[in-house]
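Spelled out, the chains give:
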Amino acid sequence: MSENSGIQQGSPAIGAAGSAPAAPGAGGSECSGTAVGSARIAVKKTQLRSSPRLKKLEKLGVYSSCKAEGACKCNGWKSQNPPPTPPPPTPPRIEQPIAVNLLEPCRSCSHSLGDHVTHLENVSEEEVNRLLGIVVDVEYLYTCVHKEEDADTKQVYFSLFKLLRKCVLQMGKPVVEALESPPFEKPSIEQGVNNFVQYKFSHLPSKERQTIVELATMFLNQINYWQLETPSQRKQRVPTDDAAGYKINYTRWLCYCNVPLFCDSLPRYETTQIFGRTLLRSVFTVMRKQLLEQARQEKDKLPPEKRTLILTHFPKFLSMLEEEVYSCSSPIWSEDFMAGSSGGQIPRVISVARPLYCSSSSSPVDTAGGGSVSPAWKTNSAVEPSPFFMIMGVCEGGEKRKSSEPLSHEYTKKSRVIGDIPMELINEVMSTITDPTAMLGPETSLLSAHSARDEAARLEERRGVIEFHVIGNSLNQKPNKKILMWLVGLQNVFSHQLPRMPKEYITRLVFDPKHKTLSLIKDGRVIGGICFRMFPSQGFTEIVFCAVTSNEQVKGYGTHLMNHLKEYHIKHEILNFLTYADEYAIGYFKKQGFSKDIKVPKAKYVGYIKDYEGATLMGCELNPSIPYTEFSVIIKKQKEIIKKLIERKQAQIRKVYPGLSCFKEGVRQIPIESIPGIRETGWKPVGKGKEVKDPDQLYSSLKNILQQVKSHQNAWPFMEPVKKNEAPGYYQVIRFPMDLKTMTERLKSRYYTTRKLFMADMQRIFTNCREYNPPESEYYKCANLLEKFFYVKIKEAGLIDK
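This one's a predicted model, so the numbers in the text were calculated from it and none came from an experiment. (Residues numbered from 1 in each chain as written. Predicted model: local features only at pLDDT ≥ 70, side-chain atom pairs only at ≥ 80, totals over all residues. Heavy atoms only, no water.)

Undergrad: Can you tell me about the overall build of the protein, naming the residues and giving the values?
TA: Helix and strand counts for the protein come out as 25 helices and eight strands. Scored against the burial criterion, the 802 residues of the protein give a buried share of 48%. The long-range share in the protein, meaning contacts at least 24 apart out of those at least 6 apart in sequence, stands at 73%. Surface exposure of the protein reaches about 40,900 Å², of which carbon and sulfur atoms provide 53%. (Helix = DSSP H or I, 4+ residues; strand = E, 2+ residues; numbered from the N terminus. Buried < 20%, exposed > 50% of the residue type's maximum accessible area, 1.4 Å probe, protein only. Contact = heavy atoms within 4.5 Å. Areas by Shrake-Rupley, 256 points an atom, 1.4 Å probe, with all protein chains shown as cover.)

So, in structure tokens, the structure goes:
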């Protein structure tokens, strides 16, 4: 039986306005009173639960309704409501325990207290202990309501108090009733940070990437134990902010995340798992400032091996994350962010652990100026490390993870699909690639002939040899001398490299405030750039000039320039480039992904872009999920993984068979299966030993099978692609969706050149269904029945062995 309490959306609860009675610690980052108060509550619950049953019933009697004859309406003399109006501030007082026994009369109805607990005579000890825990939480919230000074905070205290009191009376389980239930936004903060790690750092070697994962884990832990500022405080600090939206999120955070820390009879959720970017945006700036400030203050307390990580890498990590948090076009906050740049599903790389000294309850703390770091980072060691950064988390049982153990990787166990490479195998292969140069390229200017075009430029950028800046002229601001010098340098580069273009025309566009230029700076001077004009209302950007000075060419600068330009436009939500290329530039633009197939409707760009005689209009459509500046690194990483997988497979085939000599004797052809060793590799003949070589025959067989499958009575769930509104989260779980409609279209386009491709797609339909739906569901059963029917038909057609 569950009880609901209506919590008014937007009403702040336990927060900074007043002091939490059981945790009298002052606001700030060193809130030791929180741990003391929560520990006091936990001890009180333990003592009550270890008392004799008679004592337990005496405690419950004053909170339970009277069961005496005569329809008594008494709900227990300690169950009266606290005053609804804010009382004047009063100093903390220590409540003296009141001794009662079941023979005493109730102070409200005069019946004995024994009449209040007759319904508990046959109740199990476990249920009595649960009710005692709720009673302790009721008493705590009762005191909070009396001592809280903020009216809105008092209101939510009071609502939660009534909820728990009602649960004691009706022996129910507390459920906070609201307009929405967790999670409140997707993707969550935790998923967004996971996506950020994959999006920005998936190309790094395993050791460096592990460092990033530690930083991300530490950041998520801080959010989970961060004390938010009250809406009234925030309104004073940021008057122009969306006060109503923050108030709603603040109330949700208190009811679902903060209060349950010390009132553990209420269900508790992690902040990072039920909130998304909206809440993160509201706290990120203040939180980042306080974290870095505290890190600098406590640098002497940090262990030496963590000092560089905290003081050097963490600020850079937060700066990069801040860009993605406040960017309107960042792909990491898309629900469709399923695949990394390598094309595979992104595993959940960050497992948020509770901080040290983590108990199941923790009382609220006064906060000022935007929040504080929870004191739960304290440890019980003799030499107390900094409460700010304890990177290695602790499980709920309190066992510290050994530093040699990797962070928890929670991979979803997925059914095997034909053609898939297990994620476990890929991780195992990646762990064998110990040489960073094998995947990232050597740190030298002497690169191999097979290196990516932009590899040398990317390495120079990492070492700080070159820089990229988007600059432009302005008529509203005071001219910056450095920017003006760079603009003059760009004008000179374009004029020198584009001799057929009038210098006056180049100068006018470079210094036109409507145009911007991505400049390439080396040793303080301009060596190249791309001049462009953005048309946000039309959804495209026109590239006007693109050039690199002649003595700096053939170093990959042009490719790296274009990749930076692509990422700049993705952040500004413009995903199409248009340009007129002359005969000398067409080759360059083709290498950068441009083509003559223009995706932008003609009505969008006619009259907006400049037309050049004798030039070819080319376009490029950007994919917001691709980190273009690291794309070649990721491709190289994929190739290295495939190479290792091939080497593993080759190592398994140890036996060397003699070559074929039959052709010297005049034999013109032999069956494939007669080649020595061919069967040992796993090759099997199709059906009755005959490959279907005729494309028309294969098409006819597959068409007949597909038609029979579509006509089957259990095929109805798989006829069309799954709709997002009908199956929430489906495309977050299923990496490669498939359906019979898509297979029909693929068959018509002659995509299925072999029966394996056809079987793989069909098998994927069944595997996806069983992966997303529970075994008892109708869809799961349909998949099993249709799969059996399919394999019967595929065998009848002779495409596999019977």
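The discussion continues.
Undergrad: Tell me about the side chain of Ser519, and name the residues and values.
TA: Tracing the backbone shows Ser519 in strand 4 (residues 516-522). Exposure remark for Ser519: the relative accessible area of 0% places this residue in the buried category. Apart from the residues lying within four places of it in its own chain, the contact partners of Ser519 are Glu467, Phe468, His469, Ile471, Leu490, Gly528 and Gly529.

Undergrad: Residue-level account of the pattern of salt bridges, with values.
TA: What the rule picks out here adds up to 20 salt bridges. With a closest N to O distance of 3.9 Å, Glu583 and Arg500 form a salt bridge. Here Glu583, found in the loop between strand 7 (576-581) and helix 18 (586-591), pairs with Arg500, found in the loop between helix 15 (481-497) and helix 16 (503-510); they are 83 residues apart in sequence, far enough to count as distant. Here Asp696 makes a salt bridge to Arg750, at a shortest N to O gap of 3.4 Å. One end of the pair, Asp696, is in helix 21 (residues 695-710); the other, Arg750, is in the loop between helix 23 (740-748) and helix 24 (755-772), with 54 residues separating them in the sequence. For Arg750, a relative accessible area of 43% puts it in the partly exposed group. Through salt bridges with shared partners, a single network forms among Lys522, Arg525, Glu552 and Lys555. (Salt bridge = Lys/Arg side-chain N within 4 Å of Asp/Glu carboxyl O.)

Undergrad: Describe in detail the pairing of strand 6 (residues 540-548), supporting the description with residues and values.
TA: Along a regular strand, successive side chains alternate from one face of the sheet to the other. Most of strand 6 sits inside the fold, with eight of its nine residues counted as buried. Note that strand 5 (residues 525-535) and strand 6 share eight bridges and pair antiparallel. What sits directly across from Gly528, in strand 6, is Val548. Connecting the antiparallel pair strand 5 and strand 6 is a turn made up of four residues, with Gly539 showing a positive phi of about 80°. The sheet contact formed by strand 6 and strand 7 spans three bridges and is parallel. Counted as the bridge partner of Thr541 is Phe577 from strand 7. In terms of handedness, the path from strand 6 via helix 17 (residues 557-571) over to strand 7 forms a crossover that is right-handed. (Pairing = 2+ DSSP bridges. Right-handed = clockwise from strand over helix to strand, strands pointing away.)

Undergrad: So what about helix 25 (residues 778-796)? Which residues, and what values?
TA: An ideal rise of 1.5 Å per residue puts 27 Å on 19 residues; helix 25 measures up with 27 Å between its terminal C-alpha atoms. Looking at the buried side of helix 25, the elements it contacts are helix 21 and helix 24. Downstream of helix 25 by one or two residues, Gly798 has phi in the positive range, about 80°. (Expected span 1.5 Å × (residues − 1).)

Undergrad: Mind laying out the packing of aromatic side chains, listing which residues take part and the relevant values?
TA: For any two aromatic rings, the description comes down to two numbers: the centre-to-centre distance and the angle of the planes. By the definition in use, this model includes 31 aromatic pairs. For the ring pair Phe196 and Phe201, a centre distance of 5.5 Å and an interplane angle of 85° mean the geometry is edge-to-face. Across the pair, Phe201 and Phe196 agree in class, each one buried. Between the aromatic rings of Phe196 and Phe317, the centroid separation amounts to 5.5 Å while the plane-to-plane angle is 75°, which identifies the pairing as edge-to-face. Residue Phe196 is located in helix 5 (residues 189-201), and its partner Phe317 is located in helix 11 (residues 304-326); the two are separated by 121 residues in the primary sequence. The exposure class assigned to Phe317 is buried, which follows from its relative accessible area of 2%. Taken together, the ring pairs connect Phe718, Tyr751, Tyr752, Phe758, Phe766, Phe790 and Tyr791 into an aromatic cluster. When the ring centre of Tyr246 is taken as origin, the NZ or CZ atom of Arg234, which lies over that ring, is 4.7 Å away. (Phe/Tyr/Trp six-rings, centres within 6.5 Å; stacked < 30°, edge-to-face > 60°. Lys NZ or Arg CZ within 6 Å of the ring centre and 35° of its normal.)

Undergrad: An account of the sheet that holds strand 7 is needed here, citing residue identities and associated values.
TA: On the basis of which strands lie adjacent, the open sheet formed by six strands has the order 3-4-5-6-7-8 and mixed pairing. With partners counted over all chains shown, the strands left at the sheet margins are strand 3 (466-471) and strand 8 (616-621), one partner each. Between one strand and the next, the sheet's axes are offset by a mean angle of 25°, whatever the strand orientation. Direction of pairing for strand 7 relative to strand 8: antiparallel, over a ladder of six bridges. Bridge pairing in strand 8 links Thr579 to Met618. (Axes fitted to C-alpha atoms, helices over the stretch in contact; angles between N-to-C directions.)

Undergrad: Please provide a residue-by-residue account of the packing of helix 15 against helix 16, values included.
TA: What describes two packed helices is the angle between their axes and the distance between those same axes. Helix 16 packs onto helix 15 with a crossing angle of 145° between their chain directions and a minimal axis gap of 10 Å. The handedness of the crossing between helix 15 and helix 16 comes out as right-handed. In this structure, helix 15 uses Leu487, Gln491, Phe494 and Ser495 to contact helix 16, whose residues at the interface are Lys503, Ile506, Thr507 and Val510. Grouping the constituent residues of the contact of helix 15 with helix 16 by class yields four nonpolar, three polar and one charged. (Left-handed = near helix turned anticlockwise from the far one by under 90°. Nonpolar A, V, L, I, M, F, W, Y, C, P; charged D, E, K, R; others polar.)

Undergrad: Can you tell me about the environment of Lys289, naming the residues and giving the values?
TA: Looking at where Lys289 falls in the secondary structure, it is placed in helix 10 (residues 277-297). Along the backbone, Lys289 and Pro315 are 26 residues apart, and their C-alpha atoms lie at a distance of 9.8 Å.

Undergrad: Explain the packing of helix 5 against helix 11 to me, using residue names and the numbers behind them.
TA: Packing of helix 5 against helix 11 leaves a shortest axis separation of 11 Å and a crossing angle of 105°. Here helix 5 lies roughly perpendicular to helix 11, going by the angle between them. Across from Phe196, Tyr199, Lys200 and Phe201 in helix 5, the residues of helix 11 making contact are Phe317, Met320, Leu321 and Glu324. Classifying every residue of the contact of helix 5 with helix 11 by side-chain character gives six nonpolar, no polar and two charged. (Parallel < 35°, antiparallel > 145°, perpendicular 65-115°, else oblique.)

Undergrad: An account of unusual backbone geometry is needed here, citing residue identities and associated values.
TA: Cis geometry marks the peptide bond from Pro182 to Pro183, where omega comes out at -5°. Along the chain, Pro183 falls in the loop between strand 2 (173-177) and helix 5. That bond from Lys186 to Pro187 is cis: its omega, -5°, falls within 30 degrees of zero. Topologically, Pro187 is positioned in the loop between strand 2 and helix 5. For Asp523, which is not a glycine, the phi torsion comes out positive at approximately 55°. Along the chain, Asp523 falls in the loop between strand 4 and strand 5. Although it is not a glycine, Arg750 sits at a positive phi angle of roughly 60°.

Undergrad: I'd love a proper account of the nonpolar core, names of residues and values included.
TA: If you look at the biggest cluster of nonpolar residues, it comprises 79 residues, and the most contacted ones within it are Phe219, Leu228, Leu266, Phe275, Leu280, Phe314 and Phe317. Membership of the second largest hydrophobic core comes to 29 residues, among which are Phe532, Tyr568, Ile574 and Met618. (Core = buried A, V, L, I, M, F, W, Y, C linked by side-chain atoms within 4.5 Å.)

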